[in-house]
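Listed below are the residues making up each chain.
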Amino acid sequence: MGVLAGRVAVITGGTSGIGARTAAVFVAAGASVVIGGRRKDAGEAAVAELGDRARFTPADVRVESDVEALMATAVDEFGRLDVLVNNAGQGVSTPLPLPEADLAAFLDTLAVHAGGMFLGIKHAARIMIPRGSGSIINMSSIGAHRAGWSDISYSTAKAGVLQLTRSAAVELGPRGIRVNSISPGPIPTGIFAKNAGVDADRADRTAPLLEPLFVQAMENHQSIGRAGRAEDVAEVALWLAADASSFVTGQDIGVDGGISAGRPLTVAATERRLLAEAFSSLPT
Ligand SMILES: NC(=O)c1ccc[n+]([C@@H]2O[C@H](COP(=O)([O-])OP(=O)(O)OC[C@H]3O[C@@H](n4cnc5c(N)ncnc54)[C@H](OP(=O)(O)O)[C@@H]3O)[C@@H](O)[C@H]2O)c1
């Protein structure tokens, strides 16, 4: 019996990347899942692969009626809602320098990440409160913790997700609902190519090809010397969804290969060597 046997989960942004992988891991753990997303073809293809315990409902997380309908699908199709993974998100195509930055684009990023997750929590809570149980998992980012890893609007939105998580956790804890977040580091999904203007389906299909580039690019940042994978994030989401984490709420878990812990020692060693060379060449 899987740890989510008999449970029902909604996963926003389940048509690709981390959301799609989380849906597969949850189904393998015994859950039924409803995935959301804007791309109908991608959503239908994803549930066809997931099997009988999966449904797709088109939903743009910026639209409240879409989010409400997504949660309702869980109840209509599977009779309950136990877990929400608030995962839908987008990157930012060409970050502009602050003096040229556009307010509408800034607010749209907030609308998807902070607004969409707020709506998800609101409508999941309406269903979970009467049952007195539930687990909500919000997808934040390394960008919430460290500046310079993403565009200013994305970093701001993801930092907002951390406080949204804590605020919802303290309000919903007494009603039996836990709320936590995950902060992935760079994971080679389609999100990067989409930001660069590549067609979304092609971006998703070709994402694994980026792994070697990510290993190289992260060499001076991550202590773990491999690319992060959607699976790494999905497994943490599974733990947060399951009863094993029943005393954990209001927390953020980094899944970043050590980026937020500090610099790899190899970087410090190089600097120490340069300093040692500089010291040895100082005039006596
Ligand atoms: N990959 C990383 O390095 C990384 C790092 C930190 C955090 N994250 C976060 O992880 C989450 C998943 O990203 P990913 O890397 O898996 O990228 P992805 O493969 O591009 O997945 C993004 C998902 O969000 C959906 N989506 C985007 N805008 C939406 C909207 N307005 N309404 C509903 N769904 C929407 C997309 O579906 P449709 O296109 O079908 O709408 C897709 O299913 C995001 O919140 C992202 O910010 C990713």
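As a reminder, the structure under discussion sits directly above these lines.
Residues numbered from 1 in each chain as written. Predicted model: local features only at pLDDT ≥ 70, side-chain atom pairs only at ≥ 80, totals over all residues. Heavy atoms only, no water.

A. Up close: the site of the ligand. Around the ligand lies a shell of 31 residues, among which Thr-15, Arg-38, Tyr-154, Thr-189 and Lys-194 are the nearest. In this structure, Thr-15 approaches the ligand through a side-chain N or O atom, which is 2.7 Å from an oxygen atom. One of the side-chain N or O atoms of Lys-194 is found 2.7 Å from an oxygen atom in the ligand. Here the ligand loses 97% of its free accessible area of 880 Å² to cover by the protein chains. Where the shell around the ligand is concerned, the elements lending two or more residues are α1 (17-28), α5 (152-172) and α6 (191-195). Looking at the shell around the ligand, the element that brings in the most residues is α6, giving three residues. (Near = heavy atom within 4 Å. Polar contact = N/O pair within 3.5 Å; in protein donor to acceptor, adjacent residues only side chain to side chain. Areas by Shrake-Rupley, 256 points an atom, 1.4 Å probe, with all protein chains shown as cover. Helix = DSSP H or I, 4+ residues; strand = E, 2+ residues; numbered from the N terminus.)

B. Region of interest: α5. Between its first and last C-alpha, α5 extends 30 Å over 21 residues, near the 30 Å set by a 1.5 Å rise per residue. Within α5, burial applies to Ser-153, Tyr-154, Ser-155, Ala-157, Lys-158, Val-161, Leu-162, Leu-164, Thr-165, Ala-168, Ala-169 and Leu-172. (Expected span 1.5 Å × (residues − 1). Buried < 20%, exposed > 50% of the residue type's maximum accessible area, 1.4 Å probe, protein only.)

C. Up close: the sheet that holds strand β1 (residues 8-11). Taken together, seven strands build an open sheet; the order of strands is β3-β2-β1-β4-β5-β6-β7 and the sheet is parallel. Where the open sheet ends on each side, the last strands, each with one partner, are β3 (54-58) and β7 (252-255). Sheet twist, expressed as the mean angle between neighbouring strand axes with direction ignored, is 20°. Summarising the sheet, β1 and strand β4 (residues 83-86) pair through three bridges and their orientation is parallel. Opposite Ala-9, over in β4, you have Val-83 as the bridge partner. Packed onto the sheet, α1 meets β1, β2 (32-37), β4, β5 (134-139) and β6 (177-184) and runs at close to 170° relative to β1. (Pairing = 2+ DSSP bridges. Axes fitted to C-alpha atoms, helices over the stretch in contact; angles between N-to-C directions. Contact = heavy atoms within 4.5 Å.)

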